[in-house]
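Coordinates in review
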Amino acid sequence: MLEMLIQFNNSNFEYLTAMKFKTPVSVESIAQLIGGKVVGDGNAVCSGINEIHKVEAGDLCFVDHPKYYEKCLRSAASYIIIDKAVEETYGKTIIVCDQPFEAYQTIISHFNPFAAVSQSISASASIAATALVMPGAIVGNHVVIGEHSIIFPNAVILDHTIIGNHVTIHSGAVLGADAFYYNTKKNREVWYKKMLSGGHVVIEDDVEIGANTCIDRGVTHETRIGRGTKIDNLVQIGHDVVVGSNCIIAAQVGVAGATTIGNGVTLWGQVGVNKTIHLGDNIQVLGQSGVTASLAPGKMYMGYPAEEASVKRREFVWIKRIANLWDRVAQLEKRIEG
Amino acid sequence: MLEMLIQFNNSNFEYLTAMKFKTPVSVESIAQLIGGKVVGDGNAVCSGINEIHKVEAGDLCFVDHPKYYEKCLRSAASYIIIDKAVEETYGKTIIVCDQPFEAYQTIISHFNPFAAVSQSISASASIAATALVMPGAIVGNHVVIGEHSIIFPNAVILDHTIIGNHVTIHSGAVLGADAFYYNTKKNREVWYKKMLSGGHVVIEDDVEIGANTCIDRGVTHETRIGRGTKIDNLVQIGHDVVVGSNCIIAAQVGVAGATTIGNGVTLWGQVGVNKTIHLGDNIQVLGQSGVTASLAPGKMYMGYPAEEASVKRREFVWIKRIANLWDRVAQLEKRIEG
Amino acid sequence: MLEMLIQFNNSNFEYLTAMKFKTPVSVESIAQLIGGKVVGDGNAVCSGINEIHKVEAGDLCFVDHPKYYEKCLRSAASYIIIDKAVEETYGKTIIVCDQPFEAYQTIISHFNPFAAVSQSISASASIAATALVMPGAIVGNHVVIGEHSIIFPNAVILDHTIIGNHVTIHSGAVLGADAFYYNTKKNREVWYKKMLSGGHVVIEDDVEIGANTCIDRGVTHETRIGRGTKIDNLVQIGHDVVVGSNCIIAAQVGVAGATTIGNGVTLWGQVGVNKTIHLGDNIQVLGQSGVTASLAPGKMYMGYPAEEASVKRREFVWIKRIANLWDRVAQLEKRIEG
């Protein structure tokens, strides 16, 4: 079990509650770090930092656009980093600073500094005695690999990835690359600035990950592949995606960021799945379909945008009948005009 | 020629007749290995083991679902591993055991045991003197690489792969990863159990394989890329696929398991091809098409499901005319009712 | 800036004006190299060699099919390698030889000979002191890597690639693999013969390239990714593609050879883009679309073939109405016939 794995990697434990500080940090010291000004109680302590929709009481959150001011101020966060003093703070403590996004990056870098992978197999990795890591594979810092798991040649397991027992990672797979997630402002020379990823990847027991498949780390939490799920080659799993247990994900499927997939789901080859949606348990999505919105459990889907397969198949038949309709309408017109 | 290559790798020869035992094995000793009970002549000898549709006289086959009992018992196999004694054996010798799938795995593991790649370039590989293997490339156990072939950095050539002469394998390509092929039972905690792959990959002369392309090994036979065929980057070729000669397979194409592709076939970018179908000689399939069923030779195809391009193009035109039809039907209705 | 990078890699400078000879070469010596016969002034000097549509005055060009004779003879080239003497030379100097394609390969190989990557980090590479190259990464011959750039484990940077400052290349990415570009003749045993790639890859400042993404080198010029552009995982960028600045290219997109993409373009996941077309500035192409022809700037596109999204969305609605039309036409027929 993953819980057991974590025990033998105790120094890593705090990391697992993603984006929480190891020990609470005062608001005032955060303000000093980012060059901001506290409005409220500077002695209050922050437990962590997170995005608006994942933040919890005790956490910091940042906002840099008036459009989102109120949403952020009304979120679960206790402390708000913002680029303008506001009248209504909804009881939050505020840190005002010029560039809240840059402040967020500064905080992440400070508490979770970037560490290069400096050896093929990091000395800080915990690899079970029965696990097998083949030549050319990379095992990053603080990685955990469970019993009887096999890492094929040239697979890359980046920092803080946790791999359970009886897992197979095929050659060229990349686990834990950064999220494709940017702060966007079109009034500067470089429009997109990367949000530093503070999350990681968790692979549960009995999972298989195909060759050259990519599973990105979470931005502020985790990307998780559930027990017994099998993923084929050249698949893309975006940041913060959670895949349930006993799923089949065929080759060249792509799942965009923060989407959740239930248990027993089958996605056939080259399916694309939109970001931040949910696929219900036990659904099947036929090859090449494009899933743009959440799907109810237990059904078969196909096409772009993906709909129930029976509906879509009838559509294909209807399209074949347009020519016939055309002829019949022309005949009706002739009769009426004639 | 491949035949010549094989001669200088003689220890490997038996492997090439995939899933045949090096020397025949008695039914009784198979039964002992898997804990089964022979019904029939235990002294009879088995030549190999295979799937229902590939099995030959002298071979073992297994069946674990009543739905397939008769199909298996009437197959070309001489010996059947089955989970229940049956009255009608169609003249076959039977080995009854509780878990035929697990028995199959036991036999494969026993006669073709898993061997880790323990060195970047395996000592058991046969690499022609004029071949070039660049840094970071992996050459697995019993791999054969022919004259003037080039393996670019970080490509991975897994066990038993055979590469002909004048072949180029680009960086990050993975040849010989396991088939994505599972025994499925939804009444257990882990639904999917991997069928061990006993087959391998064969790349004929003058082939080029693009960067990060994956070619899986066969389950019980071989995955073969025919002479002079050129495959672009990020392509997925499933287990037991056979591609003919002088084909062009553009980037990001996916071909599912056990499909056969004729000679002179062109698949443009991002095409998906279903499993266990056949594409005829000299066809062209336009970009992003989804091929769900076998295609007759010599034509051009497009769309999902792929049809002759001329038919599909007319369909696109017909769709553009629905709005016009709608207006005309409305006018007809007005006239008749008016 | 790239210009500065180039200064500290001076020996490479001539390479950057792709397919130009370091010093001019006489027509007569080219003819001797390829076994051809000069018709015209053998003492004239050639500055380089290129394709029909990229060739400049002073360059060589080759033609081996009567269909293209005139096009080549009327191109900007000064010297033509051709397989038959022609009456009208349009003032060009001609080198007649039996196999112009093979002659082209001979010239490329002679002046730009294939060099194996013989070390993980080539001694001829120029890597800035502040750049970070992690374990397992390959840095080929004459590669340039700018300040503060990060190359993740097992990424492959092939010969002559130029990487600017503040660039991130993720694990498994392959930059500079050969173009998928062949000379085709169906009357020989091997139909496709690779055109040797003489070009290279240029990655401008502030670019990010995702895990297992492939960016092929140019055939006779360069493949360029513009400043600030962010490319996700498993993307294919073909030879000689030029991508502008501040573009977003999501996972599993494929862009075929020699296409140009403007600035501020967003291509969502799994989009496919045809070869030798142009995408205008600031367009968005929705997921899984297939772009078959050039697109005007500033709009949103979707579907296959890609059209303006508003048009395509209406089409989806019209398709849903065919069943209704069918019923209404049947009723009209009944009324008229009744």
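All values reported here derive from a predicted model rather than from experimental measurement.

The next thing to look at is the overall build of chain A. When you go through chain A residue by residue, the secondary structure sums to seven helices and 34 strands. Going through the 338 residues of chain A one by one, you find that 59% of them count as buried. For chain A, contacts bridging at least 24 residues in sequence account for 26% of all contacts bridging at least 6. Of the accessible surface of chain A, which amounts to about 13,100 Å², a share of 53% is contributed by carbon and sulfur atoms. Between the averaged position of the 28 positive side-chain charges in chain A and that of its 33 negative side-chain charges there is a distance of 8 Å.

Bringing the interface of chain A and chain C into the picture now. Often, the extent of an interface is quoted as the loss of accessible area on bringing the components together. Taken together, the contact pairs 55 residues of chain A with 49 residues of chain C. Approximately 4,000 Å² of surface area, both sides summed, lies buried where chain A meets chain C, with 65% of it carried by carbon and sulfur atoms. Our enumeration of links across chain A and chain C arrives at six salt bridges. Salt-bridge contacts for glutamate 337 of chain C lead to arginine 335 of chain A; the nearest nitrogen and oxygen are separated by 3.7 Å. Counting across the chain A and chain C interface gives 24 residue pairs in polar contact (both at pLDDT 80 or more). Secondary-structure elements contributing two or more residues to the side of chain A that touches chain C are strand E15 (174–177), strand E17 (192–194), strand E20 (214–216), helix H6 (309–320) and helix H7 (322–337) of chain A. Top element by residues in the side of chain A that touches chain C is H7 of chain A. It accounts for eight residues. Across the side of chain A that touches chain C, the residue classes tally to 29 nonpolar, 17 polar and nine charged.

In this section: helix H3 (residues 27–34) of chain C. Side chains of residues three or four places apart in an α-helix project in the same direction, reflecting 3.6 residues per turn. All names here are of chain C. Turning to H3, its buried residues number three or more, namely Val27, Ile30, Ala31 and Ile34. For H3, the angular spread of buried residues about the axis comes to 100 degrees, placing them on one side. Note on H3: the residue one or two positions beyond its end, glycine 35, has a positive phi of about 70 degrees.

So, on to the relation of the copies chain A and chain C. Relative to chain C, chain A is turned by 120 degrees and slid 0.0 Å along the rotation axis, the superposed coordinates differing by an RMSD of 0.1 Å. Between the two chains, the operation in question is that of a three-fold axis.

Moving on, we come to the sheet that holds strand E34 (residues 307–308) of chain B. Residue and element names in this part refer to chain B. Reading across the sheet, the ten strands line up as E8-E11-E14-E19-E22-E25-E28-E31-E33-E34 and stay open at both edges, with mixed pairing between neighbours. Edge positions in the sheet fall to strand E8 (132–133) and E34, since each of these pairs with one other strand and no more. Sheet topology places E8 next to strand E11 (residues 150–151); two bridges connect them, and they run parallel. Bridged to valine 133 within E11 is isoleucine 151.

On to the side chain of glutamate 222 of chain A. All names here are of chain A. Checked against the element boundaries, glutamate 222 lands in strand E21 (residues 222–225). When its relative accessible area of 12% is taken as the criterion, glutamate 222 is described as buried. A distance of 2.5 Å separates the side chain of glutamate 222 from the side chain of arginine 224, its partner in a polar contact. Each residue touching glutamate 222, except ones within four places of it in the same chain, is listed here: His200, Val202, Asp240 and Val241.

Glancing now at the environment of glutamate 307 of chain A. Mapped onto the elements of the fold, glutamate 307 of chain A is located in strand E34 (residues 307–308). Counting along the chain gives 25 residues from glutamate 307 of chain A to leucine 332 of chain A, while the straight-line C-alpha distance between them is 34 Å. In this view, glutamate 307 of chain A contacts Met300, Tyr301, Met302, Lys312 and Glu315 of chain A together with Lys320 of chain C; residues no more than four positions away in its chain are not counted. There is a polar contact of 2.9 Å between the side chain of glutamate 307 of chain A and the side chain of lysine 312 of chain A.

Here the focus is the domain arrangement of chain A. Residue and element names in this part refer to chain A. Segmenting chain A into domains produces domain 1 (2–111) and domain 2 (126–309). Computed from C-alpha coordinates alone, the two centres of domain 1 and domain 2 are separated by 27 Å. Listed by partner, the interface residues are 20 residues for domain 1 and 29 residues for domain 2. In total, about 2,100 Å² of surface goes out of reach between domain 1 and domain 2, with carbon and sulfur atoms giving 58% of it. In this assembly, domain 1 and domain 2 are joined by three salt bridges. For the salt bridge of glutamate 102 with lysine 193, the shortest nitrogen-to-oxygen distance reads 3.8 Å. Our enumeration of links across domain 1 and domain 2 arrives at six residue pairs in polar contact (both at pLDDT 80 or more). For the side of domain 1 that touches domain 2, the elements supplying multiple residues, two or more each, are helix H1 (2–7), helix H2 (13–16) and helix H5 (100–111).

Here is what the cut-offs are and how they apply
- Residues numbered from 1 in each chain as written.
- Chains lettered and ligands numbered in written order.
- Predicted model: local features only at pLDDT ≥ 70, side-chain atom pairs only at ≥ 80, totals over all residues.
- Heavy atoms only, no water.
- Helix = DSSP H or I, 4+ residues; strand = E, 2+ residues; numbered from the N terminus.
- Buried < 20%, exposed > 50% of the residue type's maximum accessible area, 1.4 Å probe, protein only.
- Contact = heavy atoms within 4.5 Å.
- Areas by Shrake-Rupley, 256 points an atom, 1.4 Å probe, with all protein chains shown as cover.
- Lys, Arg positive; Asp, Glu negative; His and termini not counted.
- Charge placed at Lys NZ, Arg CZ, Asp CG, Glu CD.
- Buried area = accessible area lost by both parts, 1.4 Å probe.
- Salt bridge = Lys/Arg side-chain N within 4 Å of Asp/Glu carboxyl O.
- Polar contact = N/O pair within 3.5 Å; in protein donor to acceptor, adjacent residues only side chain to side chain.
- Nonpolar A, V, L, I, M, F, W, Y, C, P; charged D, E, K, R; others polar.
- Arc of directions from axis to C-beta.
- Least-squares fit on C-alpha atoms with pLDDT ≥ 70 in both.
- Pairing = 2+ DSSP bridges.
- Domains from an automatic or database assignment.

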